[in-house]
Amino acid sequence: MQITRISVFPQTQPLRKPYWLSGGRLKFEQLDSTFVKIETDDGITGWGEGCPWGNTYLPAFGGGVRAAAHLLAPALLGHDPRKVDKINALMDITLPGHLYAKSALDIACWDILGQCAGMPIADLLGGCHPEPTPIASSISTGTPEEMLSLINEYRKKDYKVHSVKIGADPQLDIERIRFLEANRNPGELIFYDLNRAWLPAEAIEVMNSVSNLTVIFEQPCETLDQCLTVRQKTTQPISIDENLVTLDDAQSIIHRRIGEIFNIKIGRVGGLTRARRIRDIAINAGIKFLIMDTGGGVVADTATQHLAQSIPVDMRIGTWLCQELISNDAAPGQGSRNLNGFAKVPDHCAGLGVAPDESLIGEASAVYQ
Ligand code: MG
């Protein structure tokens, strides 16, 4: 089997509401996503999606996915998409780094591999565990009352896990945590996501002020060294998100005991092939997981569920459906959706189990053949 054509489709994804990252320091109103379609000489077509949230969140941007595809796609023509490690090695030779820009191409290759095997990607990643994954909300920074109001909206959709963005001034953060914990329902989990907003001293002050509460903190500070300082002077579980990019990062977090939870975002780490490697060493280390993508619609969300369900259910804390934040839908009625607060891979699918409706995403901006 050979890749014969790769098409690239940009899509602007308006957010239903403006979104402020932790600390209220960055506002987002729309996402810049990219769909990739890989066609083969066997007539099998695979799809992937890459969306790095916005250009101020990570060292990544939507236009970068398409600019990288201009280099990567010609190099992949003629190669067998089912050989996913070789495909990734070829992408690395063609363009070192730029992992986020490789994710959509990698997902599309897994989609083809699954269709050829007649199996869902989750099975090819090692075996699909049947239990669905709780979906985490994404609660934008605001006053304690505004944030509770947002949580209440997600409760109407049966969400039981909430990713709450804090990180303004430490005293306000302590107020927010105490207020939201006092209003937490039985069976709910709230994790407090800093998106790197605190200095180590601020993180230590806030976390120790609420050390009587059973809560999780995500990515408290900018760097792994700063997070290690926090780890050594606090007791609550720490999830590492933005600093988890490469396999080396994963090894460093494990060996230096910086965090107990990995938030693997498949777009950030470069796709399912690389996410699988990080997953394996984390399972071995007894790390728990949040499995997400950095943004996008139902195609990215569905790829995420395949990775999530390749992990034993007792090691999964939650996932995220970015599709619930955006106002357009590239594949209505298809793919992984919110089912009473849980997400799972599509039933009886071979490959990814979702493909965009091309009439909804418009013309390709580039075709390589
Ligand atoms: Mg996070």
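Heads up: these notes are all about the structure in this document.

Quick notes on the rules
- Residues numbered from 1 in each chain as written.
- Predicted model: local features only at pLDDT ≥ 70, side-chain atom pairs only at ≥ 80, totals over all residues.
- Heavy atoms only, no water.
- Donors = N, O, S within 2.8 Å, 3.2 Å for Na, K, Ca; no water.
- Helix = DSSP H or I, 4+ residues; strand = E, 2+ residues; numbered from the N terminus.
- Buried < 20%, exposed > 50% of the residue type's maximum accessible area, 1.4 Å probe, protein only.
- Pairing = 2+ DSSP bridges.
- Right-handed = clockwise from strand over helix to strand, strands pointing away.
- Polar contact = N/O pair within 3.5 Å; in protein donor to acceptor, adjacent residues only side chain to side chain.
- Contact = heavy atoms within 4.5 Å.
- Axes fitted to C-alpha atoms, helices over the stretch in contact; angles between N-to-C directions.
- Parallel < 35°, antiparallel > 145°, perpendicular 65-115°, else oblique.
- Left-handed = near helix turned anticlockwise from the far one by under 90°.
- Nonpolar A, V, L, I, M, F, W, Y, C, P; charged D, E, K, R; others polar.

1. So, the coordination of the magnesium ion
Next up, step 1: Coordination of the magnesium ion by the protein involves Asp193 (OD), Glu218 (OE) and Asp241 (OD), with metal-donor separations of 2.0 to 2.3 Å.
Next up, step 2: Written as a sequence motif, the donor arrangement for the magnesium ion is D-x24-E-x22-D. Taken as a pair, glutamate 218 in strand β8 (residues 216-218) and aspartate 241 in the loop between β9 (238-240) and α9 (247-255) lie far apart in primary sequence, 23 residues in all.
Next up, step 3: On the accessibility criterion, aspartate 241 (0% relative accessible area) is buried.

2. Remarks on the pairing of strand β10 (residues 261-265)
Next up, step 1: Burial of β10 is extensive: five of the five residues sit out of reach of the surface.
Next up, step 2: Neither face of β10 is exposed, since Ile261, Asn263 and Lys265 on one face and Phe262 and Ile264 on the opposite face are all buried.
Next up, step 3: Across two bridges, β9 lies against β10 in parallel orientation. The residue bridging isoleucine 240 from the neighbouring strand is phenylalanine 262, located in β10.
Next up, step 4: Handedness of the crossover is the feature at issue here: the chain leaves β9, passes through α9, returns alongside β10, and the resulting connection is right-handed.
Next up, step 5: Inspection of the sheet shows β10 paired to strand β11 (residues 288-292) by five bridges, in the parallel sense. Residue pairing in the sheet places isoleucine 264 in a bridge with isoleucine 291 of β11.

3. Focus: the side chain of glutamine 219
Next up, step 1: Summarising the element assignment, glutamine 219 is placed in the loop between β8 and α8 (224-232).
Next up, step 2: A distance of 2.8 Å separates the side chain of glutamine 219 from the backbone oxygen of cysteine 221, its partner in a polar contact.
Next up, step 3: A distance of 3.1 Å separates a polar side-chain atom of glutamine 219 from the backbone nitrogen of glutamate 242.
Next up, step 4: Dropping the residues within four chain positions of it, glutamine 219 is found in contact with Asp193, Leu194, Asn195, Arg196, Cys227, Ser239, Ile240, Asp241, Glu242 and Asn243.

4. A word on the environment of aspartate 106
Next up, step 1: You can see aspartate 106 is positioned in helix α3 (residues 103-117).
Next up, step 2: Spatially, the C-alpha atoms of aspartate 106 and leucine 213 are 41 Å apart, while their sequence positions differ by 107 residues.
Next up, step 3: Among the polar contacts made by the side chain of aspartate 106, one reaches the main-chain amide nitrogen of leucine 272 at a distance of 2.6 Å.

5. What to know about the packing of helix α1 (residues 62-76) against helix α2 (residues 84-94)
Next up, step 1: α2 packs onto α1 with a crossing angle of 130° between their chain directions and a minimal axis gap of 10 Å. What the angle tells us is that α1 and α2 run oblique. α1 and α2 meet at a crossing whose hand is right-handed. Between α1, through Leu71, Leu72, Ala75 and Leu76, and α2, the contact on the second element is made entirely by Ile87, Leu90, Met91 and Thr94.
Next up, step 2: Considered class by class, the residues forming the contact of α1 with α2 number seven nonpolar, one polar and no charged.

6. Let's talk about the sheet that holds strand β2 (residues 27-40)
Next up, step 1: Across the sheet, four strands lie side by side as β3-β2-β1-β14; this open sheet has antiparallel pairing. Of all the strands in the sheet, just β3 (45-50) and β14 (366-368) have a single pairing partner and so form its edges. Mean inter-strand twist for the sheet, computed between neighbouring axes without regard to direction, equals 20°.
Next up, step 2: Of the strand pairs in this sheet, strand β1 (residues 3-20) and β2 are connected by 13 bridges, and their pairing is antiparallel. From the neighbouring strand, isoleucine 6 faces β2, where its bridge partner is isoleucine 38.
Next up, step 3: Along the sheet face, α3 touches β1, β2 and β3 and points at about 150° away from the line of β3.

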